[in-house]
Amino acid sequence: MSSQKSSCPPNAVSSTSSKGPNLKNAKESKVVADIKKAIENKDFLLAASITQKYLEDTNNIPLNIAVTGESGVGKSTFVNAFRGIDNTDERAAPTGEVETTMKPEAYPHPTYPNVTLWDLPGIGTTRFPADQYMKHVEFEKFDFFILVSAIRFNENDAKLAKEIKKMGKKLFFVRSKIDHNLRDAQRSQREYNEEKMLQKIREYCIQGLEKQGVESPQVFLVSSFDLHLYEFPALQDTMERELPSHKRDVLILALPNICKSTINKKKEVFRSQIWHYALLSATVAAVPIPGISIMVDVGILVKVLQGYLFGFGLDKMSLEKCSSATNTPLDELRAMLNCICSGKDVTKELVLLMLKSTTVALIGLAVEEGSRWIPFIGIPIAAALSFTTIYTFLSSILNKLSVDAENIVTKALAIK
C-alpha cells in the first residue's frame, strides 16, 4: 500500500474531542450518583438495574446519517462501504449509473441497528425539484449530512449545502470515484504525479463551491471501493470531532475497520464501558443469594465478548467475508488469531473455559463467592472482588482482541 495514498493518522485516537456539550459525562455522573444512593440504602438490585439500563440506553443511542447528491455519483456505493458490506450483499443499497433511489431509503448498520444511513434521492431530479427537496426528505431528523459528487459540486449542491447550514446541521462534501480519476490521469499524462493530481481535484471542488457562496467547505476525496486509501480516514476524524459526545462513540463503533487507528478508537470506546460492566457485577455480588453472582457474571461476559467480536470484525461471518475478499484461506486467518474467543461463537461454556484459563479471574470469583458470608464485611469484600475480577478480565481480553483485529486488518491491506 502506498504511503502517499494512506490517510490514517497515527494519532487519530486523540482527535475524538468534541465541540459539542459533553452530555455523556453528565449522564454518567447522574447514574453514578443514583447507584451510590441505592447502595447506601442497601438496595443492590436497584443499583444493578440502574447500571444495566444505562448500558442499554447508551448502546441504543440513535445516529442518522444522510447521504445525498445528484444521481449516478455513487451515493449507494458509499452507503454500502460505510456499513462494511459490498454491493452484492442482499442488505446493500441498490446501485446503478441511473437514479435508483426514488425516495429516502433507510439502511441500518448490520452490526449496530441504532445507526442508520439514509440514501436520499438525487437533488434536482424531475420528481424531486430542489425547492421541494428539503421538505420531502425530512432533513430535521438527520444528525449530519454527506453530500457526494463524482465530478464537481454544482448549483443544486451549493443551494442544498447553504440550506443545510442554515438549519445548523453539519455537512461534509465527498468527492467520490477518486480511483477512477487517478487511473485515467495516469493513462493520459506523461508526467503523472498522484499527490499533485489529488491536490488539483480538491482545490477544484473547493473553489467551485466557494464561487457559489458556500463558506469554508470541507471536501474529502474518497474511493468507496478502497476506503483505507485517500481521505476517508480524515472524514472519519472530522465527523467524530463535530458530533456531540454522546453520539461520537456510536459513530466510532459503526465505522468500518479500515486501519489500525480505527481499531484503537474502538478499543478505547470499549474500554470506557468496562467499569460499567464491572460495577454491574459488583452490585449483583452484593446480593446475598448463593450462586447468583457467577451466573450473572457469565451472562454479562457472553454479551460483552460478542460485542467485541462484532465491533472488531472477529466474528465468524466477518472472518469468512475477509477470507473471500482477500482470497486468503480461512485457516490462514485463524492462525493469526491469539485470543481464545476470536472467530468463535461466544457461549457460557466458552466463557467459563476462558475464566478457568485465567487463574486470577477464577480465584477472584471463587473468593468472592466465599467472602459474601463473612459477617459485616463480607458483602463489601465480595463486591470489590467482583468489580476487580471482571474489570481485569475484560481489560485483558480487550487488549488481545484488538491485537487480533490489527493483524487481520494488516493482512487485508497488504493483499490490497
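Our structure is the block above this text.
All values derive from a computational prediction rather than experimental measurement.

Rules and cut-offs
Residues numbered from 1 in each chain as written. Predicted model: local features only at pLDDT ≥ 70, side-chain atom pairs only at ≥ 80, totals over all residues. Heavy atoms only, no water. Helix = DSSP H or I, 4+ residues; strand = E, 2+ residues; numbered from the N terminus. Buried < 20%, exposed > 50% of the residue type's maximum accessible area, 1.4 Å probe, protein only. Contact = heavy atoms within 4.5 Å. Areas by Shrake-Rupley, 256 points an atom, 1.4 Å probe, with all protein chains shown as cover. Pairing = 2+ DSSP bridges. Salt bridge = Lys/Arg side-chain N within 4 Å of Asp/Glu carboxyl O. Axes fitted to C-alpha atoms, helices over the stretch in contact; angles between N-to-C directions. Phe/Tyr/Trp six-rings, centres within 6.5 Å; stacked < 30°, edge-to-face > 60°. Core = buried A, V, L, I, M, F, W, Y, C linked by side-chain atoms within 4.5 Å. 1 Å grid on protein atoms, 1.4 Å probe; cavity = no way out; pocket = protein on both sides within 12 Å on 5 of 7 lines; lining within 4 Å. Points joined across faces, edges and corners; volume = space filled by probe spheres on them. Nonpolar A, V, L, I, M, F, W, Y, C, P; charged D, E, K, R; others polar.

Undergrad: In this structure, what is going on with the overall build of the protein chain? I would like to understand it.
TA: Looking only at helices and strands, the protein chain has 16 helices and six strands in total. Every one of the 416 residues in the protein chain was classed for burial, and the buried ones make up 50%. When contacts within the protein chain are restricted to residue pairs at least 6 apart in sequence, those whose partners lie at least 24 apart make up 71%. Summed over all atoms, the accessible surface of the protein chain reaches about 19,700 Å², with 55% contributed by carbon and sulfur.

Undergrad: Explain the environment of Phe145 to me, please; I cannot follow it from the model alone.
TA: Along the polypeptide, Phe145 turns up in strand E4 (residues 144-149). For the pair Phe145 and Phe173, spaced 28 residues apart in the sequence, the C-alpha separation amounts to 8.5 Å. When near neighbours in sequence (up to four residues on either side) are disregarded, Phe145 contacts Ala66, Phe139, Ile164, Lys169, Lys170, Leu171 and Phe172.

Undergrad: Looking at this model, I keep getting lost on the pairing of strand E1 (residues 63-69). Mind explaining?
TA: Two faces belong to every sheet, and in a regular strand the side chains alternate between them. Among the seven residues of E1, seven are classified as buried, and the element is accordingly described as predominantly covered. A two-sided burial pattern is seen for E1, the buried positions comprising Leu63, Ile65, Val67 and Gly69 on one face and Asn64, Ala66 and Thr68 on the other. Across five bridges, the pairing between E1 and E4 is parallel. Residue Val67 lies in a different strand from E4, and its bridge partner there is Ile146.

Undergrad: I keep staring at the pattern of salt bridges and nothing clicks. Help me out?
TA: Side-chain pairing between opposite charges can occur once the charged atoms of the two side chains come close. Scanning the entire structure with this criterion turns up 13 salt bridges. Put simply, Lys166 and Glu163 hold a salt bridge, and the shortest N to O gap is 3.4 Å. On the criterion of helical spacing, the pair formed by Lys166 and Glu163 is a turn pair, its members being three residues apart in helix H5 (residues 155-166). The closest approach of N and O atoms between Glu231 and Arg202, which form a salt bridge, is 2.2 Å. Placement of the pair is Glu231 in the loop between strand E6 (219-221) and helix H8 (232-242) and Arg202 in helix H7 (residues 194-211), with a sequence separation of 29 residues. Overall, the relative accessible area of 18% leaves Arg202 in the buried class. Overlapping salt bridges, with partners in common, bring together Asp237, Glu240 and Lys265 in one network.

Undergrad: Can you walk me through the sheet that holds strand E2 (residues 105-108) in this structure?
TA: Pairing between the strands of a sheet is mediated by backbone hydrogen bonds and can be parallel or antiparallel. Strand order in the open sheet formed by six strands is E2-E3-E1-E4-E5-E6, and the pairing between neighbours is mixed. Where the open sheet ends on each side, the last strands, each with one partner, are E2 and E6. Between one strand and the next, the sheet's axes are offset by a mean angle of 25 degrees, whatever the strand orientation. Direction of pairing for E2 relative to strand E3 (residues 115-119): antiparallel, over a ladder of four bridges. The residue of E3 that forms the bridge with Tyr107 is Leu117. The sheet strands contacting helix H3 (residues 75-82) are E1, E2, E3, E4 and strand E5 (170-175), and the helix crosses E1 at an angle near 150 degrees.

Undergrad: Whenever I open this one, the packing of aromatic side chains confuses me. Can you help?
TA: Each aromatic ring pair is summarised here by two numbers: the centre-to-centre distance and the angle between the ring planes. For the coordinates displayed, the defined rule picks out 13 aromatic pairs. Consider the rings of Phe78 and Phe82, whose centres lie 6.1 Å apart with planes at 55 degrees: the pair is tilted. Within this pair, Phe78 and its partner Phe82 are both found in helix H3, separated by four residues, close to a single helical turn. Given the relative accessible area of 2%, Phe78 is considered buried. The class of Phe82 is buried, set by a relative accessible area of 0%.

Undergrad: Even after reading the chapter, I still don't get the nonpolar core, so can you show me in this structure?
TA: Soluble, globular proteins show a tendency: their nonpolar side chains are buried together. The biggest cluster of nonpolar side chains holds 76 residues, and the ones touching the most others in it are Phe78, Phe82, Ile146, Tyr308, Leu314, Leu394 and Leu401. Dropping the residues within four chain positions of it, Ile146 is found in contact with Ile65, Ala66, Val67, Thr68, Phe78, Phe172, Val174 and Met239. Counting residues in hydrophobic clusters, the runner-up holds 30 residues, among them Ala66, Tyr133, Met134 and Ile178.

Undergrad: Help me out: how do you make sense of the layout of surface pockets in this one?
TA: In this approach a probe as big as a water molecule rolls over the atoms, and the regions it shows empty are the leftover space. The space that makes up the largest pocket amounts to roughly 1,400 Å³. What lines the largest pocket is a set of 47 residues, and nearest its centre among them are Gly84, Ile85, Pro256, Asn257 and Lys321. Going through the elements one at a time, H3, helix H9 (245-254), helix H11 (292-312), helix H12 (316-326) and helix H16 (378-415) are the ones with two or more residues in the lining of the largest pocket. Broken down by element, the residue count for the lining of the largest pocket peaks at eight residues, all from H12. Class assignment for the residues of the lining of the largest pocket results in 23 nonpolar, 14 polar and 10 charged.

That's the geometry; what it means functionally is another story.
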